[in-house]
Amino acid sequence: RYYHAADAFAATAVAATFGGRVRDFTGFSPKPAEGTLEVWLSGRALPQAARPVPVAPPAPAVLPPTLADRMFGSALPQPEPGN
């Protein structure tokens, strides 16, 4: 659909791209802004997608110590070895 005569060429190009039909709605009121085109699609609805399976969040990354950590020690508690 196109609503302004100036948009007819663009609407024709879009319709040709999708194998559709151009619909002249220049007589429609109130008109949307110039440059507005509508593409209507038909077809059957796709089946509902399966619900996603919950996944545990990824483990936090272990970052290398910063210069301040090396100089003054970390302000955060450090994990015990093996944990």
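A brief report on the enclosed structure follows. Starting afresh in each chain, residues are numbered from 1 along the sequence in its written order. This being a predicted model, a pLDDT of at least 70 is required before a residue's local features are given, and a value of 80 or more before pairs of side-chain atoms are given or counted; all residues contribute to the totals for chains, interfaces and linings. With hydrogens and water stripped out, all remaining heavy atoms of the structure feed into the side-chain values.

Quick look at the overall build of the protein
Test applied: Each helix corresponds to a stretch of at least 4 residues labelled H or I by DSSP, and each strand to a stretch of at least 2 residues labelled E; elements are numbered beginning at the N terminus. Only protein chains enter the accessibility calculation, which uses a 1.4 Å probe. A residue is then buried if its area is under 20% of the maximum for its type, exposed if over 50%, and partly exposed in between. Residue contacts follow a heavy-atom distance rule, with two residues in contact if any of their heavy atoms lie within 4.5 Å. Only the protein chains shown count as covering a residue, and every accessible area follows the Shrake-Rupley method with a 1.4 Å probe.
Along its length, the protein carries 2 helices and 0 strands. Looking at the 83 residues of the protein, the share that counts as buried comes to 8%. Look at the contacts in the protein between residues 6 or more apart in sequence, and 61% of them connect residues 24 or more apart. Summed over its atoms, the accessible surface of the protein is roughly 7,900 Å², and 63% of this surface lies on carbon and sulfur atoms.

Details of the packing of aromatic side chains
Note the following rule: Ring pairs are drawn from Phe, Tyr and Trp, using the six-membered ring of Trp, whenever the two centres fall within 6.5 Å, and their geometry is named by plane angle: stacked under 30 degrees, edge-to-face over 60, tilted for the rest.
For the structure shown, the criterion picks out 3 aromatic pairs. Between the aromatic rings of Tyr3 and Phe25, the centroid separation amounts to 5.8 Å while the plane-to-plane angle is 65 degrees, which identifies the pairing as edge-to-face. Of this pair, Tyr3 sits in the segment before α1 (8–18) while Phe25 is found in the loop between α1 and α2 (67–72), placing the two residues 22 residues apart along the sequence. By the burial criterion, Tyr3 is buried, and Phe25 matches it. Relative to Phe28, the ring of Phe25 has its centre 6.4 Å away and its plane inclined at 50 degrees; by these criteria the two rings are tilted. Residue classification places Phe28 among the partly exposed residues on the basis of a relative accessible area of 38%.

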